[in-house]
Amino acid sequence: TLTLENNLEILLISGVKSKTGVMRGEEIQAIGLGKILEPYDDGVLILPGTHSKHVVYNQGRFTDFKTYMTGELFEIISRKSILAASIVKGDWDNVAKDAFIEGVKIGISDKFTERLFEIRARDLFEIATKEENFYFLSGMLIGDELSYLATNENHVFLAADQQLLRLYQEAVNLITDKKKLVIVSSKDLENALLAGQQKILKLHV
């Protein structure tokens, strides 16, 4: 806590750390979404992004988290690797969905690195379009990130913007029981940061 000259106090939230990672911002979102998760006993809160966070929820408390560099890896591979010339962002349609699902299946089969260069071959031999490859790569990365959910018995709470929500929802439904998936509304996600800050402030006071 910092106290300014006019006696105004500022509470700085430095983040959360574990032996394998750090969170700076996502922990506030998680706390702000606590009300949404209250009706459920156990689960994992997934916050997709450049560095996706998977936060373990148990009996009203967040007990652990993992970080997946899915978004950053997609950016590097699709823009800076040899595969960049074979990938172009395209619109989401049934063809894109099929390519994405195919990628997810590869990701969850633990063959991501083995099949990665296939993107180049698919383009060179005109097996798939560059736009299809965009979703194929996305599917492989997201499938790899979510693969552990195949043995998950608890709820999956998914909180993402509309574009990522569509992809992650497709992948989660492919990997685990659809009944376990709980979608956090865009409004609740938008309000989560402020709600989390308010909750922490009340506990501090």
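Residues numbered from 1 in each chain as written. Predicted model: local features only at pLDDT ≥ 70, side-chain atom pairs only at ≥ 80, totals over all residues. Heavy atoms only, no water.

Caption draft 1: Up close: the overall build of the chain. Within the chain, the regular secondary structure consists of nine helices and nine strands. The C-alpha extent of the chain, read off along each of the three principal axes, is 70 × 40 × 30 Å. The buried share among the 205 residues of the chain stands at 40%. Once local pairs closer than 6 in sequence are excluded, the contacts in the chain between residues at least 24 apart make up 65%. Between the centroid of the 24 positive side chains of the chain and the centroid of its 29 negative side chains there is a distance of 2 Å. (Helix = DSSP H or I, 4+ residues; strand = E, 2+ residues; numbered from the N terminus. Buried < 20%, exposed > 50% of the residue type's maximum accessible area, 1.4 Å probe, protein only. Contact = heavy atoms within 4.5 Å. Lys, Arg positive; Asp, Glu negative; His and termini not counted. Charge placed at Lys NZ, Arg CZ, Asp CG, Glu CD.)

Caption draft 2: The arrangement of the side chain of Ser86 in detail. Relative to the elements of secondary structure, Ser86 occurs in the loop between α3 (70–80) and α4 (94–108). Engagement of the side chain of Ser86 in a polar contact is seen with the side chain of Asp123, the distance being 2.9 Å. If sequence neighbours within four positions are ignored, Ser86 has contacts with Ile119, Arg120, Asp123, Lys130 and Asn133. (Polar contact = N/O pair within 3.5 Å; in protein donor to acceptor, adjacent residues only side chain to side chain.)

Caption draft 3: Broad picture of the pairing of strand β6 (residues 52–58). With five of its seven residues buried, β6 lies for the most part within the structure. Summarising the sheet, strand β5 (residues 42–47) and β6 pair through six bridges and their orientation is antiparallel. Note that in β6 the partner of Val44 across the bridge is Val56. Here β5 hands over to β6 after four residues, the two strands then running antiparallel side by side. Bridging between β6 and strand β7 (residues 61–68) involves seven bridges; their strand directions are antiparallel. In the strand pairing of β7, Asn58 is matched with Arg61. Counting the residues in the hairpin turn of β6 and β7 gives two residues, including Gln59, whose phi is positive at 50 degrees. (Pairing = 2+ DSSP bridges.)

Caption draft 4: Spotlight on the pairing of strand β8 (residues 155–158). Relative to β8, β5 runs parallel, the two sharing four bridges. When the bridges of β8 are listed, Leu45 appears paired with Phe157. Bridge analysis of β8 against strand β9 (residues 181–183) gives three bridges, and the strand direction is parallel. Among the inter-strand pairings, Leu158 is bridged to a residue of β9, identified as Ile183. A crossover connection joins β8 to the parallel β9 through helix α8 (residues 162–175); in handedness this β-α-β unit is right-handed. (Right-handed = clockwise from strand over helix to strand, strands pointing away.)

Caption draft 5: Examining the packing of α4 against α8 more closely. Look at α4 against α8: their axes get within 10 Å of each other, and the N-to-C directions meet at 55 degrees. In terms of axis orientation, α4 runs oblique to α8. Regarding α4 and α8, the two cross each other, and that crossing is right-handed. Contacts between α4 and α8 involve Lys97, Phe100, Ile101, Val104, Lys105 and Ile108 from the former and Leu167, Glu170, Ala171, Leu174 and Ile175 from the latter. (Axes fitted to C-alpha atoms, helices over the stretch in contact; angles between N-to-C directions. Parallel < 35°, antiparallel > 145°, perpendicular 65-115°, else oblique. Left-handed = near helix turned anticlockwise from the far one by under 90°.)

Caption draft 6: Spatial organisation of a negative patch on the surface. There is a patch of like negative charges on the surface, built from Asp91, Asp93, Asp98 and Glu131. With respect to the helices and strands, the residue Asp98 is situated in helix α4. What makes Asp98 exposed here is its relative accessible area of 54%. (Patch = residues over 30% accessible without salt bridge, like charges linked within 9 Å, V, L, I, M, F, W, Y side chains within 5 Å. Areas by Shrake-Rupley, 256 points an atom, 1.4 Å probe, with all protein chains shown as cover. Salt bridge = Lys/Arg side-chain N within 4 Å of Asp/Glu carboxyl O.)

Caption draft 7: View of the environment of Ala128. Examined against the element boundaries, Ala128 turns out to sit in the loop between α6 (118–124) and α7 (130–146). The buried category is assigned to Ala128, whose relative accessible area is 10%. Along the primary structure Ala128 and Gly143 are separated by 15 residues, whereas in three dimensions their C-alpha atoms are 20 Å apart. Each residue touching Ala128, except ones within four places of it in the same chain, is listed here: Arg122, Asp123 and Asn133.

Caption draft 8: The arrangement of the sheet that holds β6 in detail. Read from one edge to the other, the open sheet built from five strands follows the order β7-β6-β5-β8-β9, with strand pairing classed as mixed. The sheet is open, and its two borders are formed by β7 and β9, each paired with just one other strand. Taken pair by pair, the neighbouring strands of this sheet meet at an average axis angle of 20 degrees, ignoring direction. The sheet contacts of α7 involve β5, β6 and β7, and relative to β6 the element is tilted by about 25 degrees.

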